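Single-letter residue listing:
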Amino acid sequence: NESFRVDSCDEPEGFVEDATDCDDGAEDVHPEQSEICRNGQDDNCDGVTNACQGWLSDGVDALFYGESANAQAGSSVAPGGDLNGDGHWDLLIGSWGYTGSEPHQGAAYVIYGPLSAAESGEPGPDLSLSSADVTIYGEAAEDYLGEQLFGVGDVNGDGIDDLAVSTLRWDDSARGQNNVGAVYLFHGREDWEEVLDLSDGAEADLMYSGELQADWL
């Protein structure tokens, strides 16, 4: 139809013919860009913002990240010994800033060993700590459970290693003392529950608390 007119022009420099560039207004955002950790934008247009795994995953065998914003996962990391009696050492990860049913109640995680990378050339485990084998949540708001944690060996003589987790700002409401702090001791076992929520009735095997206000045990 000679009456139908189509105008065309050359594409401007820096533009492409398809729609894969997710932000035409940003020169440093495009599908060929490398993702930059913690800069608040999706640099390579893959639909994921702040995909921080990229800056470490090439050189690590496993990567675990926190459950909630500002969880501070990895604030403490320690070998746990063999907490479930399977002959392999386990990994402990603290996340004192975790917020779940209570703000900043904190959390501690157990990852069963063995941990190793997948087949050569393939990435190893890359998981949210919500997939941990055992999760312990703090008792109350601002407890900051998990600021320190330790595999303490077999303290009760049953042949399985045990776990100690600190909660720096635990309040002794019975005595009206704030921030006395406490340490929870969990005996190792073959059949750990997946979730031990101290704010919902779960209990440690033993608990040691500070004596005075602001002891920060």
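## A look at the overall build of the protein chain
Reasoning step 1: Along the protein chain, the regular secondary structure elements total zero helices and eleven strands.
Reasoning step 2: Mapped from its N terminus to its C terminus, the protein chain presents α and β elements in the order β-β-β-β-β-β-β-β-β-β-β.
Reasoning step 3: Within the protein chain, buried positions represent 33% of all 217 residues.
Reasoning step 4: Contacts in the protein chain between residues far apart in sequence, at least 24 positions, make up 51% of those at least 6 positions apart.
Reasoning step 5: Element-wise, carbon and sulfur atoms account for 46% of the exposed surface of the protein chain, whose accessible area totals about 13000 Å².

## Quick word on the side chain of Ser128
Reasoning step 1: Here Ser128 shows up in strand E5 (residues 126-128).
Reasoning step 2: The class for Ser128 is buried, based on a relative accessible area of 17%.
Reasoning step 3: Reaching out from Ser128, the side chain makes a polar contact with the side chain of Ser130 at a distance of 2.9 Å.
Reasoning step 4: Aside from chain neighbours lying at most four places away, what touches Ser128 is Tyr65, Gly66 and Glu67.

## A look at the environment of Tyr137
Reasoning step 1: Of note, Tyr137 is situated in strand E6 (residues 134-137).
Reasoning step 2: Its relative accessible area of 12% is what places Tyr137 among the buried residues.
Reasoning step 3: Placed 28 residues apart in sequence, Tyr137 and Tyr109 show a C-alpha to C-alpha distance of 8.9 Å.
Reasoning step 4: Excluding its chain neighbours within four sequence positions, the residues that come into contact with Tyr137 are Glu67, Tyr98, Gln105, Gly106, Ala107, Tyr109, Leu145, Val195, Leu196, Asp197, Leu198 and Ser199.
Reasoning step 5: Polar side-chain contacts of Tyr137 include one of 2.9 Å to the side chain of Glu67.

Rules used throughout
Residues numbered from 1 in each chain as written. Predicted model: local features only at pLDDT ≥ 70, side-chain atom pairs only at ≥ 80, totals over all residues. Heavy atoms only, no water. Helix = DSSP H or I, 4+ residues; strand = E, 2+ residues; numbered from the N terminus. Buried < 20%, exposed > 50% of the residue type's maximum accessible area, 1.4 Å probe, protein only. Contact = heavy atoms within 4.5 Å. Areas by Shrake-Rupley, 256 points an atom, 1.4 Å probe, with all protein chains shown as cover. Polar contact = N/O pair within 3.5 Å; in protein donor to acceptor, adjacent residues only side chain to side chain.

Function cannot be read off these values alone, since they describe shape.
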